[in-house]
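Coordinate inspection notes
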Amino acid sequence: MTQLYDLVVVGGGPAGMAAALRAKECGVNSIIILERAPSLGGILEQCIHTGFGLHYFNEELSGPEYAARFSLPVESSGITVKTDTMVINISSDNIVTAVNKTDGLLDISAKAIILAMGCRERPRGALNIAGTRVAGVMTAGTAQEYVNIRGYMPGKEIVILGSGDIGLIMARRMTLEGANVKMVCELMPYSGGLTRNIVQCLEDFDIPLKLSCTVIEVHGKERVEGVTIAKVDRNRRPIKGTEEYVPCDTLMLSVGLIPENELSNSMGIEIDPVTGGPVVTESRETTQKGVFACGNVLHVHDLVDYVTVESRLAGEGAANYILGNTTEPAFVTTKGIDGVRYVIPHKINLNYDDDIKLFFRVGQVYKNAKVFLESNDEILLSRRRPKLTPGEMEDITIKKELLEQLSVKSELVVRVEV
Amino acid sequence: MKYDVAIIGAGVVGTLIARELSAYDLSVVLLEKCNDVAMGTTKANSAIVHAGFDAEPGTLKAKLSIKGCCMMESVCEELGVPYKNIGSLVIAFNDTQMHTLTNLLLRGNQNGVQDLRIIGQDKLRELEPNVNVNAKGALWAPTAAIICPYGLAIAAAENAVTNGVELKRNFEVKNVSTEDDGTLVLSSGQESVSASYVINSAGVYADKVAKLFGDNDYKIIARKGEYFLFDKKMDGLVKRVVFQCPTKMGKGVLIAPTTHGNVIIGPNAEDVDDKDNCATSAKGTEEVLKTARRSITKLSTVDLITSFAGLRAHNANSNDFFIEYSKTNKRVIHLVGIESPGLTAAPAIAKYVCSMFMDVAGKQKKNRNYNPVRPEPVRVKELADEQLRELIEKDSAYGRIVCRCETVSEGEIIDAIRAPVGATDVDGVKRRTRSGMGRCQGGFCGSKVAEILAREMGVDINTITKSGGNSNLLYDRTK
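Residues numbered from 1 in each chain as written. Chains lettered and ligands numbered in written order. Predicted model: local features only at pLDDT ≥ 70, side-chain atom pairs only at ≥ 80, totals over all residues.

**Re the overall build of chain A**
Per the secondary structure count, chain A includes 9 helices and 28 strands. Computed over its C-alpha atoms, the radius of gyration of chain A comes to 22 Å, within 12% of the 22 Å expected for a compact globule of 418 residues. Considered along the principal axes of its C-alpha atoms, chain A spans approximately 65 × 60 × 40 Å. Each of the 418 residues in chain A was classed as buried or not, and the buried ones make up 52%. Within chain A, contacts between residues separated by at least 24 positions form 65% of all contacts whose residues are at least 6 apart in sequence. (Helix = DSSP H or I, 4+ residues; strand = E, 2+ residues; numbered from the N terminus. Rg over C-alpha atoms; globule rule 2.2 N^0.38 Å. Buried ≥ 20, exposed ≤ 12 C-beta atoms within 10 Å, placed from the backbone. Contact = placed C-beta atoms within 7 Å.)

**Some details on the overall build of chain B**
Along chain B, the regular secondary structure elements total 12 helices and 22 strands. Relative to the 2.2 N^0.38 estimate, which gives 23 Å for 479 residues, the radius of gyration of chain B is 22 Å and therefore close to what a compact globule would have. The dimensions of chain B, computed from C-alpha atoms along their principal axes, are 65 × 60 × 45 Å. Across the 479 residues in chain B, those meeting the buried criterion constitute 56%. If you take every contact in chain B between residues at least 6 apart in sequence, the share linking residues at least 24 apart comes to 72%.

**Side note on the confidence of the model for chain B**
With 100% of its residues at a pLDDT of 70 or more, chain B has an overall mean of 96. Listed scores for the predicted complex are pTM 0.95 and ipTM 0.93. (pLDDT = per-residue confidence, 0-100.)

**Notes on helix α3 (residues 95-111) of chain B**
Residue and element names in this part refer to chain B. For α3, with 17 residues, the first-to-last C-alpha span of 24 Å sits near the 24 Å given by 1.5 Å per residue. Regarding α3, the residues found buried are L101, L104, G108 and N111. Buried positions in α3, seen along its axis, are confined to an arc of 85° and lie on one side of it. Opposite its buried face, α3 presents the exposed residues D95, T96, H99 and N103, each directed more than 90 degrees away. If you follow the buried residues of α3, they end up packed against α2 (60-79), β5 (88-92), β6 (117-120) and β7 (137-141). Note on α3: the residue one or two positions beyond its end, G112, has a positive phi of about 90°. (Expected span 1.5 Å × (residues − 1). Arc of directions from axis to C-beta.)

**Here's the deal with the interface of chain A and chain B**
Counting residues at the interface gives 42 residues for chain A and 44 residues for chain B. Put simply, the parts of the chain that give the side of chain A that touches chain B at least two residues each are β6 (86-90), β7 (95-100), β8 (104-115), β9 (119-121), α3 (124-127), β10 (130-131) and α4 (140-150) of chain A. When residues in the side of chain A that touches chain B are grouped by element, the largest group, 6 residues, is from α4 of chain A. Considered class by class, the residues forming the side of chain A that touches chain B number 15 nonpolar, 13 polar and 14 charged. (Nonpolar A, V, L, I, M, F, W, Y, C, P; charged D, E, K, R; others polar.)

**Quick word on the sheet that holds strand β27 (residues 394-398) of chain A**
Residue and element names in this part refer to chain A. What the 3 strands build is an open sheet, ordered β22-β24-β27; its pairing is antiparallel. Only two strands of the sheet have a single neighbouring strand rather than two, namely β22 (340-344) and β27. Shown here is a sheet whose adjacent strand axes are inclined to one another by a mean of 25°, direction ignored. Judged from the 4 bridges that link them, β22 and strand β24 (residues 356-362) form a sheet pairing that is antiparallel. Looking at β24, one finds that V343 is bridged to F360. (Pairing = 2+ DSSP bridges. Axes fitted to C-alpha atoms, helices over the stretch in contact; angles between N-to-C directions.)

**Points about helix α12 (residues 446-457) of chain B**
Spanning 12 residues, α12 of chain B covers 16 Å between terminal C-alpha atoms, matching the ideal 16 Å at 1.5 Å per step. Of all the residues in α12 of chain B, the buried ones are G446, S447, V449, A450, I452 and L453 of chain B. Its buried side turned inward, α12 of chain B meets α4 of chain A together with β21 (401-403), α10 (410-418) and α11 (426-433) of chain B. Backbone geometry just downstream of α12 of chain B places G458 of chain B in the positive-phi region, at approximately 70°.

**A closer look at the sheet that holds strand β21 (residues 331-337) of chain A**
Residues and elements named next belong to chain A. Judged by pairing direction, the sheet is mixed, and its 5 strands sit side by side in the order β23-β21-β28-β25-β26 without closing on themselves. With partners counted over all chains shown, the strands left at the sheet margins are β23 (347-349) and β26 (378-388), one partner each. Strand-to-strand twist in this sheet, taken as the mean axis angle between neighbours without regard to direction, amounts to 25°. Bridge count between strand β25 (residues 366-375) and β26: 9 bridges; the pairing is antiparallel. Residue K370 lies in a different strand from β26, and its bridge partner there is R384.

**Examining the pairing of strand β18 (residues 304-315) of chain B**
Residues and elements named next belong to chain B. Of all the 12 residues making up β18, 11 are buried; the element is thus mostly covered by neighbouring parts of the structure. Pairing between strand β13 (residues 220-230) and β18: 11 bridges, direction antiparallel. Across the sheet, the residue bridging to Y227 is F308, located in β18.

**Here we look at the nonpolar core**
Of all hydrophobic cores here, the largest spans 292 residues; its most connected members are I114 of chain A together with I349 of chain B. At 10 residues, the largest contribution of residues to this core is made by helix α8 (residues 342-361) of chain B. Excluding anything up to four places from it in sequence, I349 of chain B contacts V13, L64, I323, L335 and I338 of chain B. (Core = buried A, V, L, I, M, F, W, Y, C linked by C-beta atoms within 7 Å.)

**With respect to unusual backbone geometry**
Cis peptide bonds are those with omega within 30 degrees of zero, and the linkage from I344 of chain A to P345 of chain A qualifies with 0°. Counting through the fold element by element, P345 of chain A comes out in the loop between β22 and β23. In this structure, the amide linkage connecting G266 of chain B to the following residue, P267 of chain B, adopts the cis form with an omega of -5°. Here P267 of chain B is to be found in the loop between β16 (263-266) and β17 (270-272). Look at N368 of chain A: it is not a glycine, yet its phi comes out positive at around 45°.

Structure representation (structure tokens):
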């Protein structure tokens, strides 16, 4: 039998919870969250380090603490939560099919859907690292789960490839647990992680960060016995003669996150090839009417605080859609050029009743840069930034007054100039 | 205990021989040096049922591969193994290669391959719109097929065990002795097994095993081939197996769909000294991709899921299979150089070896309880809604999805562990259920699979391995 809900939220991590709570605040009463893990909280549950909430709560919280700021209100709000429940299909008429142990197969008909499935880590295969297929090659997130949730050591002598935040956090975590983290290798000439993590997780523990360096081969018969690293040139190709054998029992990978859009793809939602997530409006509505997306399924965030902000927009957007509080749309599109890799949202409604923040990410490191927001070659805004890095998301706010001056023909362009 | 027959090596050939012998009233033991069946060439190859136009007419290889190709569909059906008769194409880019196709056609006709024909550019374009526009024509073999090779070996082993065969894993035959009455004693160092007859189907190591019986003339060269596996998003890139013209090192780089909906490309060919060397290399990668792009010019690596290498058991002394009695003892049969199309030939090889055995041992009584059918395991992903609903009602474990990429439930993983030849390590679960085969490559489900294995086997999770031996996933507890 098909159950009816006004709003179905797919995923009970930080994005799904914040979106559901915001929709509830906005007056939507019948909401269900479907979560594949045994509890709400998503990946935050295994992030036992602190550093969460500095922006949103002005407090320094651990991952589980940050999650609890949302899961407790969700539990007392009357929002239905089904955990250990996997969504396996969403039809074009918004019927969500999920499966779990107690209900078996569930069909839920929704007025609106919020996609909040998060992201996954790029595995070894996607990088095509040569060598043997031995035990001991794992993504940093998998290692984090073994250590923090299950309480087991996945390795003792460790090389980390990729200086994304999870890799940096795990370098520190493994060191604190008594492992020897020999080095973090980074393909790019700069780290993809937050500056504070490089300082607090590597420098404080004297763990070398080797920039423009990669792992070219994995050695071992059964378990990893070592890796060969090499320096790379400007085109990221290994330089002959720079190879170095590093004995170790574990290779941890922190080489990028990929939004998990299998459901979005099967629904035919348009995906931005740069972000790997759906194309959305300022309310985070996808190209399918009534279907919204937020959090890491939309684009990979470096801070959960921003996920919360974004997810509240999606929750509010879904609420407005369900309650019929929508304005006549007059969309302008956004675009990043000259070093700006992407801009979220992709479309903004000029009739939107508030200021709009454009989030964007740059493709390389810039110092003393200027960020411009332009339309039809006319500069609307400019902001000075001492440093821009690919690892840190940036934003620029368009005030409502400015929004009102724009016409539907004006494409909004964000660019960087040094 | 003394067995009638001991089979050394549980690859696709050894397991199918075991199954064949299990139809008779015989005690059979299957010895495998690894922690699971299908761990050698069987788990890393092109997964193709060849039509049979490659082998030299009149050779054993030609005879057995044609016969195997004809048998494969019904064997797969009995054993519940995926099989898709999609056909194959050998594409040619110039007149010399078109001439090669004519020769292959001729040879195929001599070998008795059905429905083989050469098609021109237009027909090729119609059949395979993504193939390089410069291809002039192709040899089309509609009888070729794709299968799941390790699935076939696992199913054959299970069926054999259900019919009474005993499987001993982690049993490497290191010593052989003969007792006065002719009984052969095979020893691993820790354990020994006595048998009246021995069948050596040890793959790349068949020459080494043959030496234990005093047969010193065989030489197998391990010929490595590297492969790439692409995401299911690429499904439809080619609809058939697309080969290029063969060279003296083999049938060259192919592009093919897999029975699970991925795309596979490979292999290259490189002779290696170390018969355990399944490492991939940057050079191999480049070679395979470069060659594959001759067939599909726009092949992108964006949707690459994984790469791996396998070893072919290349017969240094002949292009043919050697399937013969030991020169010292007719109670021993060696299978040497079972390289491509060995998978295709495997069901026919099993019949052939069985009759060789009976030529010496005499006609055997049938096993009255023999059942050739191995039921196909439940696949939640393939069930209709109503079936899935009923299944979860009966056993709720099918309602907990463990592998999100391939939609594999806890129930299927438990089935794989409790099966007659159950998985005992994470890769074993992966081969049986596809948990971890998807785009995240076990990032999310790996630890859950290890947890289920530990629970089912009644051991601590830090004793669970990736693939037996010292391939442990975890060390001690954290501080």
